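What follows is each chain in one-letter form.
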Amino acid sequence: MCKLGERVGRDISRITGYIHSLSCVSIKNPRELGRKNCSARKNIHLTEDITDLAGVRITTYFADDVDRVAETLQSEFEIDQRSSIDKRQYSDPDRFGYQSLHYVLSLQPKRAELAEYAKYRNLKCEVQVRSILQHAWAEIEHDLGYKSTGGVPFSLRRRFARIAGLFELADDEFQAIRDSLKGYEKSLPEKIRVSPASVDLDLLSLKTLFSLPSTLTGLDDAVVRGAGATLVNSGHLALDSFVERLQDLEIKSIEQLERVAVAEMANVEAFSRYWVKAPLGTVLPGIGLFYLIYVLYWRSKDRQKIMHYLNKHAVGGSVADRKGMADRILNFQPAKN
């Protein structure tokens, strides 16, 4: 029976991109099955009356992704509404751990007609959908051995409720942060165009700058000319590491970065020609920033700062290698105007 859960799991994984993790729930232990479902019932049909023989648990990154997964399930499977329940409708604050969506579903008739699905016709599978924080709360609560508020010692109920509230608040805040980041990213092209001095240097602003006509593409072209390289637009160098390196050089805004890039364009080309002993071959966007940083440390004329940079970012091999690199950086001769 769990083969059905595995099949459903693969289908869900293929058709939705909002999932943090997805796991097949094993077939129930026969003793547990009998104790839970059969003690007060007679003439039970195993595959029709018991809906959770096979199951899939889905955890999403964000709470509102549960609704997106639900829409996908509704469009791709037959939902048994009488056996399904949206436990997110509970209003009690200490019910956060149970605020998951439970669907009992089966294959749609058209899908069941396919040869690879025929043996699963009329079988049912339970799907539980919850956010990763709701899942964490439920797992901890389960480990403590309490599945209902009434079972919790009265003196501890308030503490349970407080923690549940913190989890719910965290879920809301992560969702709000995600939405704010999307809004910030969407606004960046116009902000950079109108007022680059007001745009802080961070990973999103740096990525946006690379997507626009800017001096950064000019820096890459300078390296291509200087080092005999070929630029391949199949990705970027690790831009997150560049943010930290540039901030260490007191470059804090997009306007500062572009101003420095313009001023050092010729030196970046000259340095890449000086530094590279053989043609580089193919390089990724961002290579110009890599050499700009070398040029800026050369301009500092501070060997200690250069060594600190090389050691901090593990540039080069041994300490002796880095000392040699520091000497080479300091011995660079700037481009002639």
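A. Structural detail: the overall build of the protein. Helix and strand counts for the protein come out as 14 helices and 8 strands. The buried share of the protein, taken over its 337 residues, is 42%. Carbon and sulfur atoms provide 51% of the accessible area of the protein, an area that totals close to 18,800 Å².

B. The side chain of Ser106, seen in detail. Relative to the helices and strands, Ser106 resides in strand β5 (residues 101-107). When residues no more than four places from it in sequence are discounted, the contact partners of Ser106 are Phe77, Glu78, Leu123 and Lys124.

C. Region of the structure containing the packing of helix α8 (residues 203-211) against helix α10 (residues 239-248). Packing of α8 against α10 brings their axes to within 9 Å, and their N-to-C directions diverge by 110°. Here α10 runs roughly perpendicular to α8, going by the angle between their axes. Considering the relative orientation of α8 and α10, their crossing is right-handed. Residue-level contacts link Leu203, Leu206, Lys207 and Phe210 of α8 to Leu239, Asp240, Phe242 and Val243 of α10. Residues belonging to the contact of α8 with α10 are distributed by class as follows: 6 nonpolar, no polar and 2 charged.

D. Examining unusual backbone geometry more closely. Not every positive phi belongs to a glycine, and Asn122 is a case in point at roughly 70°. Note that Asn122 resides in the loop between α5 (109-112) and β6 (125-131). Positive phi values are uncommon outside glycine, yet Glu250 reaches one of about 65°. Looking at the secondary structure, you find Glu250 in the loop between α10 and α11 (254-275).

E. Representation of the packing of aromatic side chains in the model. All chains considered together, the criterion is met by 14 aromatic pairs. Arranged with centres 5.1 Å apart and planes meeting at 70°, the rings of Phe271 and Phe332 form a pair that is edge-to-face. Here Phe271 is found in helix α11, whereas its partner Phe332 is found in the segment after α14 (319-330), with 61 residues between them in sequence. The exposure classification of Phe271 matches that of Phe332, with both residues buried. Taken together, Phe271, Tyr274, Trp275, Phe290, Tyr291, Tyr294, Tyr297, Trp298, Tyr309 and Phe332 form an aromatic cluster joined through their ring pairs. Of note, Arg328 hangs over the ring of Tyr274, and the distance from its end group to the ring centre comes to 5.1 Å. One residue, Arg328, lies across the ring of Trp275, its end atom 4.4 Å from the ring centre.

F. Highlighting the nonpolar core. Leu206, Leu257, Leu289, Tyr291, Tyr294 and Leu310 are the most contacted members of the largest nonpolar core, which totals 47 residues. Sort the elements by how many residues they give to this core and helix α12 (residues 287-300) lands first, with 10 residues. Apart from residues no more than four positions distant in its own chain, Leu206 is found in contact with Leu201, Leu216, Leu239, Phe242, Val243, Ile254, Leu257 and Leu289. Counting 19 residues, the second largest nonpolar core, distinct from the first, contains Ile58, Tyr103, Leu107 and Tyr117.

G. Representation of the packing of helix α13 (residues 303-312) against α14 within the structure. The N-to-C vectors of α13 and α14 enclose an angle of 130°; their axes lie 10 Å apart at closest approach. If you check the angle between α13 and α14, you find them oblique. Relative to α14, the crossing made by α13 is right-handed. Within the contact between the two elements, α13 uses Arg303, Ile306, Met307, Leu310 and Asn311 and α14 uses Val319, Arg322, Lys323, Met325, Ala326, Asp327, Ile329 and Leu330. Along the lines of polarity and charge, the residues of the contact of α13 with α14 split into 8 nonpolar, 1 polar and 4 charged.

H. Representation of the pairing of strand β2 (residues 55-60) in the model. Burial analysis of β2 places 5 of its 6 residues in the buried class, the great majority of the element. Pairing of β2 with β6 involves 6 bridges; the strand directions are parallel. Following the sheet pairing, Gly55 is matched in β6 by Glu126.

I. Broad picture of α13. For α13, the set of buried residues is Ile306, Met307, Tyr309 and Leu310. Each buried residue of α13 lies within a common arc of 160° when the element is viewed along its axis, so the set occupies one face. Residues of α13 that are exposed and point over 90 degrees away from its buried face: Gln304 and His308. Considering only its buried residues, α13 is in contact with α10, α12 and α14. The opening residue of α13 is Asp302, an N-cap whose side-chain oxygen sits 3.0 Å from the backbone nitrogen of Gln304.

Conventions used here
- Residues numbered from 1 in each chain as written.
- Predicted model: local features only at pLDDT ≥ 70, side-chain atom pairs only at ≥ 80, totals over all residues.
- Heavy atoms only, no water.
- Helix = DSSP H or I, 4+ residues; strand = E, 2+ residues; numbered from the N terminus.
- Buried < 20%, exposed > 50% of the residue type's maximum accessible area, 1.4 Å probe, protein only.
- Areas by Shrake-Rupley, 256 points an atom, 1.4 Å probe, with all protein chains shown as cover.
- Contact = heavy atoms within 4.5 Å.
- Axes fitted to C-alpha atoms, helices over the stretch in contact; angles between N-to-C directions.
- Parallel < 35°, antiparallel > 145°, perpendicular 65-115°, else oblique.
- Left-handed = near helix turned anticlockwise from the far one by under 90°.
- Nonpolar A, V, L, I, M, F, W, Y, C, P; charged D, E, K, R; others polar.
- Phe/Tyr/Trp six-rings, centres within 6.5 Å; stacked < 30°, edge-to-face > 60°.
- Lys NZ or Arg CZ within 6 Å of the ring centre and 35° of its normal.
- Core = buried A, V, L, I, M, F, W, Y, C linked by side-chain atoms within 4.5 Å.
- Pairing = 2+ DSSP bridges.
- Arc of directions from axis to C-beta.
- Polar contact = N/O pair within 3.5 Å; in protein donor to acceptor, adjacent residues only side chain to side chain.

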